[in-house]
Structure formats: C-alpha cells, structure tokens
Amino acid sequence: FNGTALNGSNWTTCYDWRLSTETGCTNAGNFEQEWYTSSQVQVQDGDLVITAAKKPIDVSIQKQAKTFDYQSGMINSGRGSTNGSVRWAGTYGYYEARIEFQKGQGIWPAFWLLPVNKEWPPEIDAMEFIGSKPNQILQTVHWQTNGIPQKSVAVISGEPDYSSGWHTYGVDWEPGHINWYIDGKETRSYTGPNIPDTPMEIIINLAVGGLLPGNADDTTPSTNELRVDYVRVYQAPSQARPDRKSVV
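To start, this report covers the structure provided alongside it. (Residues numbered from 1 in each chain as written. Predicted model: local features only at pLDDT ≥ 70, side-chain atom pairs only at ≥ 80, totals over all residues. Heavy atoms only, no water.)

Of the voids in this model, the largest pocket is the one considered here, and its volume is about 570 Å³. As for the largest pocket, its lining consists of 28 residues, of which Asn 30, Trp 108, Trp 120, Glu 123 and His 142 are closest to the centre. It is strand S9 (residues 107-115) that provides the largest number of residues to the lining of the largest pocket, a total of five residues. When the residues that make up the lining of the largest pocket are grouped by side-chain class, the tally is 14 nonpolar, five polar and nine charged. (1 Å grid on protein atoms, 1.4 Å probe; cavity = no way out; pocket = protein on both sides within 12 Å on 5 of 7 lines; lining within 4 Å. Points joined across faces, edges and corners; volume = space filled by probe spheres on them. Helix = DSSP H or I, 4+ residues; strand = E, 2+ residues; numbered from the N terminus. Nonpolar A, V, L, I, M, F, W, Y, C, P; charged D, E, K, R; others polar.)

Laid out in structure tokens, this is it:
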C-alpha cells in the first residue's frame with residue numbers, strides 16, 4: 001500500500017452485489033450497523049487505513065431507504081459491483097496479511113476469501129476478531145451440504161490481547177486441507193471433502209455490529225481504526241492463472 005491512494009487496479013471498496021445506484025455497501029444479511037464508503041479507506045505512510053466512525057448516513061439500499069449509524073470501509077479484490085470487472089481471484093495458495101486493529105463492543109474486523117461467482121457458501125476466514133473478546137481470533141471454513149450451509153470454526157486464544165499491536169495472519173488453502181497461521185505459527189488445520197475449489201476474491205473489512213459481535217453501544221469508541229501493512233498471495237505455478245496477477 002504505497003503511494004497516497006488505493007490502487008484501483010488491485011482493489012475496490014464494496015461488495016460485488018452492490019447496485020450501480022448505490023454509492024456504498026453493507027452486508028445486510030448480517031444486520032451490520034455500518035455503510036461502507038470509499039472515503040473511510042485511505043493509504044498513509046505505507047499502510048492501508050480503514051476507519052469506522054459514528055457518522056449516521058441515510059442511503060437507499062436495494063431501493064429501500066435506511067439509516068446506518070456508522071460509516072466504515074473495506075477492500076475487495078473482486079468486482080465491487082454487480083457488473084464490475086474482477087481485479088484478482090485465485091484458487092488455492094497461501095494468503096497472508098499483516099494487520100493491526102482496535103477493540104470495542106461491536107467491532108468486527110476480518111480478512112477472508114469469498115467466491116468470485118457470488119454463490120455462497122463456500123467462504124474461508126483467515127481471521128475474524130470480535131472487539132469485545134480481545135484474546136480471541138476466529139478461523140473458519142464454510143461450505144454447504146445438500147443446500148444447507150455448514151461451517152467449522154476454531155477459536156484461537158494465544159494472546160492476552162490481539163488488538164495490542166501488529167500481527168500476521170495467514171491461511172494456506174490447498175486441495176484436501178486448509179492450514180491457518182498467526183505470526184508464522186500454525187494454529188489450526190482442517191481436512192475433509194468440503195474444501196472449497198472455486199476461485200475466490202480477497203476481502204478485508206471493518207464491520208460494526210451484526211449477528212456475530214452484537215451491536216455497538218455507549219462503550220464503543222466513536223472512531224475505530226484498522227491498518228494493513230501488506231497483503232500477499234503465494235501460489236504454485238500450476239495454481240496461478242495466466243490472466244491474473246499472482247501477487248496482490
């Protein structure tokens with residue numbers, strides 16, 4: 001994340017299902033409190049900086065008026081809109097990001113992979129952080145069986161407070177197994193027939209509220225920051241697509 005602005009060749013700032021009439025986006029299925037806007041995404045001093053702020057905004061989402069209490073940001077290597085072009089997507093490989101975030105009730109940063117064809121599940125979560133549980137990181141894989149969503153979640157409790165500084169989060173997604181890492185140490189391994197095999201895009205977002213962390217309250221800071229030093233993808237030559245960059 002060099003320079004003074006986000007590289008639009010690599011990243012967009014919304015989910016792929018955003019309508020062209022919408023100037024931001026949210027994950028409505030999670031009942032989150034934030035509306036993602038590009039203004040909350042900055043590049044400063046070699047870092048990506050995403051800021052969640054308590055700034056209510058009135059928008060029209062899916063042609064319905066709604067007020068969101070927070071404005072926040074995300075980056076996505078996929079389309080960023082229903083009919084947009086894919087920046088980068090890959091199948092298998094090692095995905096790593098060096099990230100720093102803050103705690104707080106309802107704060108929900110994540111680094112994850114989502115199918116570029118917009119058919120969910122599957123999903124691979126390299127990390128999720130629940131702001132009210134600073135000693136935990138969630139590492140998850142989602143799939144479906146007979147049309148019913150399934151998931152396997154591991155709760156990692158290796159630090160007294162993951163929000164106290166920078167950490168490196170990685171996931172090695174291969175045929176037949178997925179391994180997760182924090183600061184270079186393997187923290188979980190998953191094997192089985194449900195390993196995703198469809199091209200996935202990369203998402204890093206700073207959500208506020210929703211089904212998993214619960215809503216923000218009076219104790220939640222009015223501003224909260226997520227910083228990313230880098231995102232890297234390593235793939236074997238047989239995995240890299242010739243029409244896509246193999247490193248983001």
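Quick look at the sheet that holds strand S16 (residues 200-208) now. If you walk across this open sheet you meet the six strands as S7-S16-S9-S10-S11-S12, and the pairing is antiparallel. A strand with exactly one partner marks an edge of an open sheet, and here the two such strands are strand S7 (74-76) and strand S12 (148-156). Ignoring which end each strand starts from, the neighbouring axes of this sheet average 15 degrees apart. Summarising the sheet, strand S11 (residues 137-145) and S12 pair through nine bridges and their orientation is antiparallel. Considered in S12, the bridge of Thr 145 is made with Ile 148. (Pairing = 2+ DSSP bridges. Axes fitted to C-alpha atoms, helices over the stretch in contact; angles between N-to-C directions.)

The next point concerns the environment of Asp 125. Positionally, Asp 125 belongs in strand S10 (residues 123-128). Given the relative accessible area of 1%, Asp 125 is considered buried. Between the C-alpha atoms of Asp 125 and Thr 145, which are 20 residues apart in sequence, the distance is 19 Å. Look past the residues within four positions of Asp 125 in its chain and what remains in contact with it is Phe 111, Trp 112, Leu 138, Gln 139, Thr 140, His 142 and Trp 180. (Buried < 20%, exposed > 50% of the residue type's maximum accessible area, 1.4 Å probe, protein only. Contact = heavy atoms within 4.5 Å.)

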